[in-house]
Amino acid sequence: MAMRKHIVRWSILFLIGVSIGLLFTYREAGNSLDDGITPLSPDDVPAATVSKEVKSHAARGTINLGGPFSLTDHNGKAVTEKDYAGSYKLLFFGFTFCPMVCPTELQKMTLIMNELGEAGAKIQPLFITVDPERDDVEAIKIYVEQFHPRLIGLTGTREQIDDVMNAYRVYATKVENEMMDGYMINHSAYTYLMDPEDELIAIYPAKDTAMDIVNDIKGRAL
Ligand code: NI
């Protein structure tokens with residue numbers, strides 16, 4: 001009896017040890033793609049998210065995000081943030097091989113744009129790939145055409161993409177997956193609302209529904 005208790009106790013300690021080890025390995029792996037930039041974490045988001053306490057433009061300046069970029073749009077045209085000057089922007093980062101999160105979020109963005117109607121005319125929806133190696137201009141074009149007609153897809157060199165990901169503190173890490181042409185990418189899935197001067201207005205986590213976001217945007221009277 002005493003021996004058995006002993007084994008149970010050591011097994012529990014062993015499992016705790018393994019769990020802690022896995023946690024650290026996971027965290028280490030999670031940082032492999034960024035160069036010392038702190039990825040946006042859920043802890044950062046409450047200040048800027050669409051929670052009831054946050055009123056119009058309250059998020060402005062609370063998180064320093066965004067900035068200039070140099071990319072190529074889905075028609076092959078070189079663009080910078082200046083090409084969208086004067087527009088609000090709804091921005092989402094992802095990759096065209098993504099089986100679940102990206103299609104869901106881009107469907108949501110499509111629904112938001114449709115629901116906003118006239119108010120949506122001031123907003124430019126943008127999709128930026130985190131996987132420029134596979135998402136060339138052609139792949140991006142085919143992909144964005146499945147969603148809202150005004151959605152613009154953006155790609156670039158690895159360096160250009162890293163720069164814009166860092167500017168928006170996007171987390172993305174490759175995970176080997178033979179079924180998905182070699183790899184998958186785990187990535188953060190926030191939708192950013194930026195104002196015409198490229199200041200952050202709000203960050204919407206994936207749990208926000210299209211109607212949550214529509215109501216939030218309408219409440220802000222852009
Ligand atoms: Ni995705």
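You'll find the structure just up there.
Residues numbered from 1 in each chain as written. Predicted model: local features only at pLDDT ≥ 70, side-chain atom pairs only at ≥ 80, totals over all residues. Heavy atoms only, no water.

Colleague: Just give me the short version of the environment of methionine 180, but keep the residues and values in it.
Modeller: In this structure, methionine 180 sits in the loop between strand 6 (172–177) and strand 7 (182–187). With 83 residues separating them in the primary sequence, methionine 180 and phenylalanine 97 have C-alpha atoms 7.3 Å apart. Contact partners of methionine 180, with chain neighbours within four places excluded, come to Phe97, Pro99 and Arg134. (Helix = DSSP H or I, 4+ residues; strand = E, 2+ residues; numbered from the N terminus. Contact = heavy atoms within 4.5 Å.)

Colleague: Give a detailed account of the nonpolar core, specifying residues and quantitative values.
Modeller: One finds Leu90, Phe93, Leu154, Tyr168, Tyr192 and Ile217 to be the most contacted residues of the largest nonpolar core, which totals 56 residues. Ranked by residues supplied to this core, first place goes to helix 2 (residues 101–116) with six residues. Contacts of isoleucine 217, omitting those with residues within four sequence positions, involve Leu90, Ile112, Leu116, Ile123, Leu193, Tyr204 and Leu222. (Core = buried A, V, L, I, M, F, W, Y, C linked by side-chain atoms within 4.5 Å. Buried < 20%, exposed > 50% of the residue type's maximum accessible area, 1.4 Å probe, protein only.)

Colleague: Any details on the pairing of strand 6? Residues and values, ideally.
Modeller: As defined by bridge partners, strand 6 adjoins strand 7 across six bridges and the pair is classed as antiparallel. Counterpart to valine 175 in the pairing with strand 7 is methionine 184. (Pairing = 2+ DSSP bridges.)

Colleague: Describe in detail the coordination of the nickel ion, supporting the description with residues and values.
Modeller: In this structure, Cys98 (SG), Cys102 (SG) and His187 (NE2) serve as the protein donors to the nickel ion, at separations of 1.9 to 2.2 Å. Between consecutive donors of the nickel ion, the numbers of intervening residues give the motif C-x3-C-x84-H. Residue class for cysteine 98 comes out buried when judged on its relative accessible area of 8%. The class for cysteine 102 is buried, based on a relative accessible area of 0%. (Donors = N, O, S within 2.8 Å, 3.2 Å for Na, K, Ca; no water.)

Colleague: Which residues make up unusual backbone geometry, and what are the values?
Modeller: A positive phi angle, close to 55 degrees, is found at aspartate 181, a residue other than glycine. Overall, the relative accessible area of 52% leaves aspartate 181 in the exposed class. In this structure, alanine 221 is a non-glycine residue whose phi angle is positive, near 45 degrees. Tracing the backbone shows alanine 221 in the segment after helix 5 (210–220). Look at alanine 221 and you get exposed, because its relative accessible area is 64%.

Colleague: Hey, could you go over the packing of aromatic side chains for me, with residue numbers and the actual values?
Modeller: In total, this model carries five aromatic pairs according to the counting rule given. A centroid spacing of 6.0 Å and a plane angle of 80 degrees characterise the contact between phenylalanine 93 and tyrosine 192, whose relative ring orientation is edge-to-face. In this pair, phenylalanine 93 sits in strand 3 (residues 88–94) while tyrosine 192 sits in strand 8 (residues 191–194), placing the two residues 99 residues apart along the sequence. On the accessibility criterion, tyrosine 192 (1% relative accessible area) is buried. Ring centres 5.3 Å apart and planes at 65 degrees place the aromatic pair tyrosine 143 and phenylalanine 147 in the edge-to-face group. Phenylalanine 147 carries the same exposure label as tyrosine 143, and that label is buried. Members of the aromatic cluster, joined through ring pairs, are Phe93, Tyr168 and Tyr192. (Phe/Tyr/Trp six-rings, centres within 6.5 Å; stacked < 30°, edge-to-face > 60°.)

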